[in-house]
Amino acid sequence: MKKKNVLLIGSSSLIGQAVLKNKKHKFTAPTKEQLDLSKRQSIEEFDYKGYDCLIVVAGAGGRHGKKFGFKDKEVDFDYIANTIDVNCKGITMLLKKYLTQNPKGNVATIGSISVVEMKTNHAVYASTKVYLDRLIDLLANLYPKTNFSKINPASVNSRFQPKNPKLIAPEEVANCVWTAIEKNIKRIDIMDKTGLFY
């Protein structure tokens, strides 16, 4: 695969850091201060020109310990709003701006296995990932010169939970991202060994 000029959204996550380890490509990895998916102005003002690959690792709502399940008595409504703002509104505006300036190349998004297996207590988070999954399907029809790939992992080891050998390593997700881009694979679902879904 030839060297790509990659815009990586979500480089501070463990998955994002694992994606950055691929030294074959040139990366631009904006910080939240440079590109904040919760702020429309930030999305509109960012310069998207000159990229041939977009990888979206960013997302909100997957953290543990937050009360946003519909059965929880105490609900953090700000957290619910932020999850929807980033995972639906923010990523939609990002994709619109990016594809307007780069209508061909590769786009890879990190979703969640909850788009396939709805065994989750995190209804809001899972619903936003289903939205992203369907949005990518529709954009693939609108932009036939762009190769879209969806990576949907189950439980991934992260900073928000103790390390667990039964969970997916961030490096495994990163490897799937590059495999999908190199081989133009439309979708990869990654199961873990716990049977848990987010």
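For the structure, check the block above.
The present account deals with the structure reproduced in this document. For clarity, every value in this text was computed on a predicted model and none was experimentally measured.

About the thresholds
- Residues numbered from 1 in each chain as written.
- Predicted model: local features only at pLDDT ≥ 70, side-chain atom pairs only at ≥ 80, totals over all residues.
- Heavy atoms only, no water.
- Helix = DSSP H or I, 4+ residues; strand = E, 2+ residues; numbered from the N terminus.
- Buried < 20%, exposed > 50% of the residue type's maximum accessible area, 1.4 Å probe, protein only.
- Areas by Shrake-Rupley, 256 points an atom, 1.4 Å probe, with all protein chains shown as cover.
- Polar contact = N/O pair within 3.5 Å; in protein donor to acceptor, adjacent residues only side chain to side chain.
- Contact = heavy atoms within 4.5 Å.
- Pairing = 2+ DSSP bridges.
- Axes fitted to C-alpha atoms, helices over the stretch in contact; angles between N-to-C directions.
- Salt bridge = Lys/Arg side-chain N within 4 Å of Asp/Glu carboxyl O.
- 1 Å grid on protein atoms, 1.4 Å probe; cavity = no way out; pocket = protein on both sides within 12 Å on 5 of 7 lines; lining within 4 Å.
- Points joined across faces, edges and corners; volume = space filled by probe spheres on them.
- Nonpolar A, V, L, I, M, F, W, Y, C, P; charged D, E, K, R; others polar.
- Expected span 1.5 Å × (residues − 1).

On a plain count of helices and strands, the protein chain comes out with five helices and six strands. Taken from N to C terminus, the helices and strands of the protein chain fall in the order β-α-β-α-β-α-β-α-β-α-β. Relative to its 198 residues, the protein chain shows a buried fraction of 48%. Here the protein chain has roughly 10,500 Å² of accessible surface; of this, 53% comes from carbon and sulfur atoms.

A few words on the side chain of His25. Relative to the helices and strands, His25 is located in the loop between helix H1 (14-20) and strand S2 (26-28). A polar contact of 2.9 Å, which involves the side chain of His25, links it to the backbone nitrogen of Lys4. If near-sequence neighbours (up to four positions away) are discounted, His25 is found in contact with Met1, Lys2, Lys3, Lys4, Val6 and Trp178.

Let's shift gears to the sheet that holds S2. Strand order in the open sheet formed by six strands is S2-S1-S3-S4-S5-S6, with parallel pairing between adjacent strands. The strands lining the two open edges of the sheet, one partner per strand, are S2 and strand S6 (187-190). The average angle at which neighbouring strand axes cross in this sheet is 15 degrees, direction not considered. Across four bridges, the pairing between strand S1 (residues 5-9) and strand S3 (residues 53-56) is parallel. Of the residues in S3, the one forming a bridge with Leu7 is Leu54. Together, S1, S2, S3, strand S4 (105-110), strand S5 (146-153) and S6 form the strand contacts of helix H5 (residues 170-183), whose direction differs from that of S5 by roughly 155 degrees.

Before going further, it helps to examine the pattern of salt bridges. Applying the stated criterion to the full structure yields nine salt bridges. Where Asp85 meets Lys89, a salt bridge forms, and the shortest distance between an N and an O atom there is 3.2 Å. On the criterion of helical spacing, the pair formed by Asp85 and Lys89 is a turn pair, its members being four residues apart in helix H3 (residues 77-101). The closest approach of N and O atoms between Asp133 and Arg187, which form a salt bridge, is 3.6 Å. In this pair, Asp133 sits in helix H4 (residues 123-142) while Arg187 sits in strand S6, placing the two residues 54 residues apart along the sequence. Assessed through its relative accessible area of 8%, Asp133 is described here as buried.

With the rule as written, the count across this model stands at one cavity of 30 Å³ or more. Within this model, the largest cavity holds a volume of roughly 40 Å³. Taken together, Thr109, Gly111, Val115, Lys129, Leu132, Asp133, Lys150 and Asn152 make up the lining of the largest cavity. For the lining of the largest cavity, the elements supplying multiple residues, two or more each, are H4 and S5. Of the residues forming the lining of the largest cavity, the biggest block, three residues, is contributed by H4. For the lining of the largest cavity, the residue count by class is two nonpolar, three polar and three charged.

Counted at 1.5 Å a residue, the expected span for H5 with its 14 residues is 20 Å, and the 20 Å between its end C-alpha atoms agrees. Listing the buried residues of H5 in full gives Pro170, Val173, Ala174, Cys176, Val177, Trp178, Ala180 and Ile181. Just downstream of H5 lies Asn184, where phi reads positive at about 55 degrees.

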